[in-house]
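Secondary and tertiary structure notes
Single-letter residue listing:
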Amino acid sequence: MITIFIVGYSEPLQSQIEMESITHGDILQFDMEDIYDNLVFKTVFSIAWLCDSKIKTKYVHFVDDDRLINSKNLLKVAFNNLQVSEIKMIGFRVHCGKPYRSKSSKWYISVTEYEFDFWPPYLLGGTILTNLQVIKKLREGIPFSKVIRIEDAYIGILAKLLNISLEHNENFSPAFISGYELINKISSPDYRSYNTIIKEWKLLNSFNNDNSL
């Protein structure tokens, strides 16, 4: 497994980012401010990079940095549920999601940006499993779509446009669960500090995963 950290520009952290890149070669940085409103562009540029780099991989997992992953279970789901040529993405599927119209909301989107009352089905952002065939298909569709800043909804719009199947898997948890509970799950959000992630990762790996997914 190869891990790449996708970041925008952050002046206070730039020297540390560059040191990480030199030391580990695991940074993909774009010339944009690293803020929530640019998250969708980080995803769009990452899709382009995956295609242009000609990277040889069977599977791709997009994941937010506040999620803890049970990598063994993730791989089992990939091997058992996703063929390398299958046009499918796997995650926690959301039906009948409604755009936030309140301007005070972090996820606000205006009627001008998106006029409909409901989003098409989409996978909850922060943890999506797919393959390189789908990445290439997304890359083809992006120039013909209107990019909106709600990243997971935007990928859902592309999936509908391109006839990409969205498979629901409840083990991509939508809410926080502990490392112990992740024994039989795939990922959990809302790990607010890296110390917590490391602590729970050690806890997760201290258990015997023979009975995991």
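For the structure, check the block above.
Conventions and cut-offs
- Residues numbered from 1 in each chain as written.
- Predicted model: local features only at pLDDT ≥ 70, side-chain atom pairs only at ≥ 80, totals over all residues.
- Heavy atoms only, no water.
- Helix = DSSP H or I, 4+ residues; strand = E, 2+ residues; numbered from the N terminus.
- Rg over C-alpha atoms; globule rule 2.2 N^0.38 Å.
- Buried < 20%, exposed > 50% of the residue type's maximum accessible area, 1.4 Å probe, protein only.
- Areas by Shrake-Rupley, 256 points an atom, 1.4 Å probe, with all protein chains shown as cover.
- Lys, Arg positive; Asp, Glu negative; His and termini not counted.
- Charge placed at Lys NZ, Arg CZ, Asp CG, Glu CD.
- Core = buried A, V, L, I, M, F, W, Y, C linked by side-chain atoms within 4.5 Å.
- Contact = heavy atoms within 4.5 Å.
- Patch = residues over 30% accessible without salt bridge, like charges linked within 9 Å, V, L, I, M, F, W, Y side chains within 5 Å.
- Salt bridge = Lys/Arg side-chain N within 4 Å of Asp/Glu carboxyl O.
- Axes fitted to C-alpha atoms, helices over the stretch in contact; angles between N-to-C directions.
- Parallel < 35°, antiparallel > 145°, perpendicular 65-115°, else oblique.
- Nonpolar A, V, L, I, M, F, W, Y, C, P; charged D, E, K, R; others polar.

**What about the overall build of the protein?**
- A tally of helices and strands in the protein yields six helices and 10 strands.
- For the protein, whose C-alpha radius of gyration is 17 Å, the value lies close to the compact-globule estimate of 17 Å for 213 residues.
- Dimensions along the principal axes, computed over C-alpha positions, put the protein at roughly 50 × 40 × 40 Å.
- Burial statistics for the protein: of 213 residues in total, 44% are counted as buried.
- Summed over its atoms, the accessible surface of the protein is roughly 12500 Å², and 54% of this surface lies on carbon and sulfur atoms.
- Looking at the protein, you have 23 positive and 25 negative side-chain charges, and the mean spots of the two groups are 6 Å apart.

**Things to note about the nonpolar core**
- Counting residues in each nonpolar core, the largest one holds 30 residues, and the members touching the most others are Met-89, Trp-119, Ile-135, Leu-138, Tyr-154, Leu-158 and Ile-164.
- Those elements that provide at least two residues to this core are helix H2 (39-52), strand S3 (59-63), strand S7 (122-123), helix H4 (132-141) and helix H5 (151-162).
- Not counting chain neighbours up to four residues away, the residues in contact with Leu-138 comprise Ile-47, Met-89, Leu-158, Leu-162 and Ile-164.
- Ranked by size, the runner-up nonpolar core spans 10 residues in total, among them Tyr-59, Leu-82, Ile-90 and Phe-172.

**Some points on a nonpolar patch on the surface**
- A contiguous nonpolar patch, built from Ile-2, Ile-4 and Trp-49 and spanning about 290 Å² of accessible area, is present on the exposed surface.
- For Ile-4, the location among the structural elements is in the segment before strand S1 (5-9).

**Some details on the side chain of Glu-200**
- Within the secondary structure layout, Glu-200 lies in helix H6 (residues 194-206).
- Lacking a salt bridge, the buried Glu-200 has Lys-199 as its closest oppositely charged neighbour, with an N-O distance of 4.7 Å.
- Among all residues touching Glu-200, those that are not within four sequence positions of it are Leu-68, Ser-178, Gly-179, Tyr-180 and Tyr-191.

**A few points about the packing of H2 against H5**
- Put simply, H2 and H5 touch, their axes get as near as 8 Å, and they point 45° apart. The angle between H2 and H5 falls in the class oblique. Residues Leu-39, Val-40, Thr-43 and Val-44 of H2 form the contact with H5, whose own contacting residues are Glu-151, Tyr-154 and Ile-155.
- Taken together, the residues of the contact of H2 with H5 sort by class into five nonpolar, one polar and one charged.

**Let's talk about the pattern of salt bridges**
- Counted by the stated rule, this structure contains six salt bridges.
- Sharing partners across several salt bridges, the network here consists of Glu-86, Lys-88 and Glu-167.

That's the geometry; what it means functionally is another story.
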